[in-house]
Amino acid sequence: MIQIIEGDARNISAVMSVMNDAFDPRFGEAWTAAQLLSTLVLPDCRLLLAIVQESVCGFAFGRWVLDHEELLMIGVMQQCRGQRIGKMLLSEIVNRARAAGGKKLFLEVRDGNNAYDFYLNYGFLPIGRRKNYYKNADGINPDAITMELSL
C-alpha cells in the first residue's frame, strides 16, 4: 500500500536518497539538502512523501504563490517506478491546490525529459521555454519547458 503524507525538515535525508536515485546527475536538476532546507522554511512550501512499506520512495515539493501553485520537483526511486506513485503525488498536489482555491499549477521540465509526456498526459500544457536553462557536463544545455495546468 502506498501512503501520501506531509513531510518536513526531518525527512530531508530520505528525500535526498530519492533525489540522488531519481535525477540524472548529468543535467544538474537535483537539489542539495541545503537548497531543500532553505526553501522548505519559506512560507507556503509543502513537501509530500510517498511511503511504501515504511520507506520513502517518492516526494513532491511545491510552493503556493498568490493563487497559484508551483511544483518545484517530483521524484520517485527507480525501483518504485511503474506503480503510479508519481501520479499519486501529482494528484495530491493538484487536489490540495484546488482545495486552497488555486487557479493554476505551474512547473518546469527539462526538454528531453520523459516526465514531459507524463505532464502532458495529466493535462498540463506547454506555455513557455527558457533557453539553455539546464547546464550539464557534456556542454549541452537543454531548455526548460514551462507548463501550466488550469485548476
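Before reading further, recall that the structure is shown in the block above.
Reference entry: report on the structure contained in this document. (Residues numbered from 1 in each chain as written. Predicted model: local features only at pLDDT ≥ 70, side-chain atom pairs only at ≥ 80, totals over all residues. Heavy atoms only, no water.)

Of the pockets and cavities examined, the largest pocket occupies roughly 1,100 Å³. Along the wall of the largest pocket there are 36 residues; nearest its centre are Phe23, Ile74, Asn113, Ala115 and Tyr119. Going through the elements one at a time, β4 (68-76), α3 (85-99), β5 (104-110) and α4 (115-122) are the ones with two or more residues in the lining of the largest pocket. Among the elements that make up the lining of the largest pocket, the one with the highest residue count is β4 (7 residues). Tallied by class, the residues present in the lining of the largest pocket amount to 18 nonpolar, 8 polar and 10 charged. (1 Å grid on protein atoms, 1.4 Å probe; cavity = no way out; pocket = protein on both sides within 12 Å on 5 of 7 lines; lining within 4 Å. Points joined across faces, edges and corners; volume = space filled by probe spheres on them. Helix = DSSP H or I, 4+ residues; strand = E, 2+ residues; numbered from the N terminus. Nonpolar A, V, L, I, M, F, W, Y, C, P; charged D, E, K, R; others polar.)

Now for the side chain of Asp143. Looking at the secondary structure, you find Asp143 in the loop between β6 (125-130) and β7 (144-150). The class of Asp143 is buried, set by a relative accessible area of 9%. A polar side-chain atom of Asp143 sits 3.5 Å from a polar atom in the side chain of Lys131. (Buried < 20%, exposed > 50% of the residue type's maximum accessible area, 1.4 Å probe, protein only. Polar contact = N/O pair within 3.5 Å; in protein donor to acceptor, adjacent residues only side chain to side chain.)

Burial analysis of β4 places 7 of its 9 residues in the buried class, the great majority of the element. In this structure, strand β3 (residues 55-65) lies alongside β4, joined through 8 bridges in antiparallel fashion. Pairing of Ala60 across the sheet is with Ile74, part of β4. Bridge count for β4 against β5 is 4 bridges, and the pairing is parallel. From the neighbouring strand, Glu70 faces β5, where its bridge partner is Phe106. For the crossover from β4 across α3 to β5, the handedness is right-handed. (Pairing = 2+ DSSP bridges. Right-handed = clockwise from strand over helix to strand, strands pointing away.)

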